[in-house]
Amino acid sequence: MNVMSNTSACILTHHLTHQFGKDAPVVNQVNLEVPVGSIYGFLGPNGAGKTTTMRLLLGLLKKQQGTIQILGKPLDAHRVSIMQSVGTMIESPSVYAHLSARENLRILQHIYTCKPERIEAVLQITGIADTGTKPAGKFSLGMKQRLGIAMALLNEPQLLILDEPTNGLDPNGMIEVRELLHKLHQESGITIFVSSHLLSEIEKLATHTGIIHRGSMRFQGSMQALRQAQEKKAVTSILADNMVRAKEILNDMHILSETENNYITISGQAPENIIRLNKRLVEGGVGIMEITTRKHDLENIFMNLIQNEYANH
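A brief structural summary. (Residues numbered from 1 in each chain as written. Predicted model: local features only at pLDDT ≥ 70, side-chain atom pairs only at ≥ 80, totals over all residues. Heavy atoms only, no water.)

1. A closer look at the pattern of salt bridges
A full pass over the atoms with the stated rule returns six salt bridges. For arginine 178, the salt bridge is made with glutamate 201, and the minimal N-O distance between the two is 2.7 Å. With arginine 178 in helix α6 (residues 171-188) and glutamate 201 in helix α7 (residues 199-205), this pair connects stretches of sequence that are 23 residues apart. In this structure, arginine 178 and glutamate 201 share a single accessibility class: buried. A salt bridge links arginine 245 to glutamate 248, with the shortest nitrogen-to-oxygen separation between them at 3.3 Å. Of this pair, arginine 245 and glutamate 248 both sit in helix α9 (residues 243-252), three residues apart, which is roughly one turn of that helix. Looking at arginine 245, the relative accessible area reads 30%, which means it is partly exposed. (Salt bridge = Lys/Arg side-chain N within 4 Å of Asp/Glu carboxyl O. Helix = DSSP H or I, 4+ residues; strand = E, 2+ residues; numbered from the N terminus. Buried < 20%, exposed > 50% of the residue type's maximum accessible area, 1.4 Å probe, protein only.)

2. Some points on the sheet that holds strand β12 (residues 235-240)
The sheet built from four strands is open, its strands ordered β13-β14-β12-β15 with antiparallel pairing. One side of each edge strand has no neighbouring strand; the edge strands of this open sheet are β13 (258-260) and β15 (288-294). The mean inter-strand angle of the sheet, taken between neighbouring strand axes irrespective of direction, is 30 degrees. Judged from the six bridges that link them, β12 and β15 form a sheet pairing that is antiparallel. Residue pairing across strands places isoleucine 238 opposite isoleucine 291, the latter belonging to β15. Seen against the sheet, α9 touches β12, β13 and β14 (263-267) and runs at an angle of roughly 20 degrees to β14. (Pairing = 2+ DSSP bridges. Axes fitted to C-alpha atoms, helices over the stretch in contact; angles between N-to-C directions. Contact = heavy atoms within 4.5 Å.)

Right under this line is the structure:
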């Protein structure tokens, strides 16, 4: 099936591949599908291929293999028009350290030929309107990130591409940037493609995620689908006064079970199934001494994904 046929996606790539010299591919057969209006968290360890992928999406690296479609258009044929509707911040914001936030934005405003009042709008949106004549070189790292986002928003983009926008920030700065992106998404409906190596940040921010490791996609889908993996990997342990009878009831219910350290263990049962099972055991004359469910948290699921324990999605 040709994944490029999905017109509801803001970004689509098909078998996107890139390598430097004779080394192994840094990006290997990557099929991205970023829904319109989503916050898509591009997640992976440092060196996984995130920044290289983003540079390919923006045409900053020459594509070697595969196809890229952004905002419904092939990047090869429409890069200039596409980039007019895309705001970007790759790695550190590129600012003139001796100029104020407004002066930095004024330079870009002339390049983009957008209305001067847009400068004040993005300063207000990003919360740096009161920085006055303070040189950007004296901004805190969090303020510099905000200025970078303001610069990316200046041309009123439909798509915002941000590479590790919370990297290096203290916890308060990370919260501020995350809240800013949530606000942007809620108020404008802009599609945000944001990379990070921090699962905790993507979990709190994104509606969808793609997990990449060693250049290959390990998962792609909604955050809800990723969380459902917790239930699938949940393990319930049962300690009863009649383990033989308990096993018989489980078999009658067609529930596979194992015995481990004097406990009966079952996997992948939703909470409502555990309630029904508990009732059946009690009705069957089994006394329940202990019943507990241990879910895999998202961190464990993420580690399993990058260690190849899940199939590609």
